[in-house]
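If you want the building blocks of each chain, they are given just below.
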Amino acid sequence: MEARIAGSAVHYIEHGDGMPILVLHGAGVDHREIGVALEPAFAAAPRDHRRLYPDLPGMGHTPMPAAVTSNDDVLDLLIGFAGEVIGDHPYLVVGHSYGAYLARALADAEPDRVAGLALIAPVGAGTEQMAPRPQHRALVSTVDAERELAADLAETYRTYFVLQTPQTLERHRRYIAPSAALVDWAGLTRVFANWTLRDRRRAPASDDRPVLILAGRQDSIAGSAHAQSLADHYARATVGVLDRAGHALLHEQPGLAAALLLDWLDRCDGSSTT
């Protein structure tokens, strides 16, 4: 499906009905990576939800408009997308990595509409200033990535997963590698040069929306300190730091992540007025 926002095309996939959930993927992939990880959890929820998976600008089938030169421009596009596709209804937001950075800003900018927030392996403006991140290492390695993948894809796989198993290799082969091939790296480089989002916070000082924050203990990209520090911003935050999990924690600990996501959905549904 495609929405036109201020003249720019935003490609997205939609499943289900009910309370809308806007799901934002990380950098360098498209909606497929987070979608394959989250859909089993959503399918197990007692209530149906309308799940919206846009390709962020410069990724998947959403082009990077020439007018988009910063993350603030990307956020404006997302605010427009929510208004066009969701309308005036309250909705939930889930974000992974870069998507979590945008999700948090979206929740700050639209406190009357965003009813719940889930941040998975979140990065932020100051992630690099937090406590040292662990050096990447595989905790489990039962596959020969070089034999199974082209050299560049094998390197990406080895540096992303800490559990290198047939299951995570198949996820990488089917959903991550194909989406990485569609990235407009020149466009992303232009936007990321203006990384820091301006403060648009309209939420009250004590934010009491249901929030979930998940981090991988072995995450060498975002670490876990930033995720834990975010708990102070949300009065109703559940925070989970998962062992045997890196930045790809949704693929490495799918059962535990799904259980925590289902608890978050239950908390959101209990606070919903729709």
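Structure's up top.
Numbers given to residues run from 1 along each chain, matching the order in which its sequence is written. Predicted model: local features are reported for residues with pLDDT of at least 70 only, side-chain atom pairs are reported and counted for 80 or more only, and whole-chain, interface and lining totals are derived from all residues. Just so you know, side-chain values use all the structure's heavy atoms and leave hydrogens and water out.

Engineer: Please set out the overall build of the protein chain residue by residue, giving values where relevant.
Structural biologist: Secondary structure elements are defined from DSSP: runs of H or I of at least 4 residues count as helices, runs of E of at least 2 residues count as strands, and each element is numbered from the N terminus. For the protein chain, the helix and strand inventory stands at 10 helices and 10 strands. A compact globule built from 274 residues should have a C-alpha radius of gyration of about 19 Å, and the protein chain, at 18 Å, falls within 12% of that. The rule is simple: take the accessible area with a 1.4 Å probe, protein chains only, and divide by the maximum for that residue type; under 20% is buried, over 50% is exposed, in between is partly exposed. The burial tally for the protein chain puts 56% of its 274 residues in the buried class. Areas reported as accessible are Shrake-Rupley estimates using a 1.4 Å probe. Residue values count occlusion only from the protein chains shown. Entry remark: accessible area of the protein chain is about 11600 Å², with carbon and sulfur atoms responsible for 51%. Positive residues here are Lys and Arg, negative ones are Asp and Glu, while His and the chain termini are left out of the count. Throughout, a charge is located at the NZ atom of Lys, the CZ atom of Arg, the CG atom of Asp or the CD atom of Glu. In the protein chain, 24 side chains carry a positive charge and 34 a negative one; their mean positions are 2 Å apart. To get the radius of gyration, use the C-alpha atoms; to get the globule rule, take the number of residues to the power 0.38 and multiply by 2.2 Å.

Engineer: Explain the packing of helix 2 (residues 71-86) against helix 3 (residues 98-109) residue by residue, including any values.
Structural biologist: One way to put it is that helix 2 packs onto helix 3 with a least axis distance of 10 Å and a crossing angle of 65°. Between helix 2 and helix 3 lies a crossing of right-handed hand. For the pair formed by helix 2 and helix 3, the contact residues are Asn71, Val74, Leu75, Leu78 and Ile79 on the first element and Tyr98, Tyr101, Leu102, Ala105, Leu106 and Ala109 on the second. Each residue is assigned to one class: nonpolar for Ala, Val, Leu, Ile, Met, Phe, Trp, Tyr, Cys and Pro, charged for Asp, Glu, Lys and Arg, and polar for all the others, Gly among them. Here the contact of helix 2 with helix 3 is composed, by residue class, of 10 nonpolar, 1 polar and no charged. Structural elements are reduced to axes, namely lines fitted to C-alpha atoms, with helices fitted over the stretch in contact, and the angle between N-to-C directions of any two is expressed from 0 to 180 degrees. In this scheme the crossing of two helices becomes right-handed for a clockwise turn of the near helix relative to the far one and left-handed for an anticlockwise turn of less than a right angle. Contacts are assigned to residue pairs that have any heavy atoms within 4.5 Å of one another.

Engineer: I'd love a proper account of the pattern of salt bridges, names of residues and values included.
Structural biologist: The salt bridge criterion pairs a side-chain nitrogen of Lys or Arg with a carboxyl oxygen of Asp or Glu, the two atoms within 4 Å. What the rule picks out here adds up to 17 salt bridges. For Asp48, the salt bridge identified is with Arg51, shortest N-O distance 3.0 Å. In this structure Asp48 comes out as partly exposed when scored by relative accessible area, which is 43%. Notably, a salt bridge pairs Asp207 with Arg209, separated by 2.6 Å at the nearest N-O pair. Each member of the salt-bridge network shares a partner with another, and the members are Asp72, Asp76, Arg198 and Arg200.

Engineer: Let's hear about the pairing of strand 3 (residues 19-24): which residues, and what values?
Structural biologist: With 6 of 6 residues buried, strand 3 lies mostly within the body of the structure. Side chains Met19, Ile21 and Val23 of strand 3 all project onto a buried face; the interleaved residues Pro20, Leu22 and Leu24 project onto the opposite face, where all are buried too. By convention, orient the strands away from the viewer: a clockwise path from the first strand over the helix to the second makes the crossover right-handed. After leaving strand 3, the chain enters helix 1 (residues 31-44) and then returns to the sheet as strand 4 (residues 49-54), a path that is right-handed. By this definition, two strands are paired if DSSP reports at least two bridges between them. Pairing between strand 3 and strand 5 (residues 91-96): 4 bridges, direction parallel. Looking at the pairing, Leu22 lines up with Val93 of strand 5.

Engineer: Tell me about the sheet that holds strand 4, residues and numbers included.
Structural biologist: Strand order across the open sheet formed by 8 strands is 1-2-4-3-5-6-9-10, with mixed pairing between neighbours. Of all the strands in the sheet, just strand 1 (2-5) and strand 10 (237-242) have a single pairing partner and so form its edges. In this sheet, adjacent strand axes meet at a mean angle of 20° when their direction is disregarded. Relative to strand 9 (residues 211-216), strand 6 (residues 114-120) runs parallel, the two sharing 4 bridges. Bridging across to strand 9, Leu117 finds its partner in Val211. Lying on the sheet, helix 1 is in contact with strand 2 (8-15), strand 3, strand 4 and strand 5; it crosses strand 4 at an angle near 165°.

Engineer: Account for the pairing of strand 1, naming residues and giving values.
Structural biologist: Burial along strand 1 is one-sided: the face carrying Ala3 and Ile5 is buried and the face carrying Glu2 and Arg4 is not. In terms of strand pairing, strand 1 meets strand 2 through 4 bridges, oriented antiparallel. Note that in strand 2 the partner of Ile5 across the bridge is Ser8. Linking two consecutive strands that pair antiparallel, namely strand 1 and strand 2, is a turn of 2 residues; a positive phi of about 50° is found at Ala6 within it.

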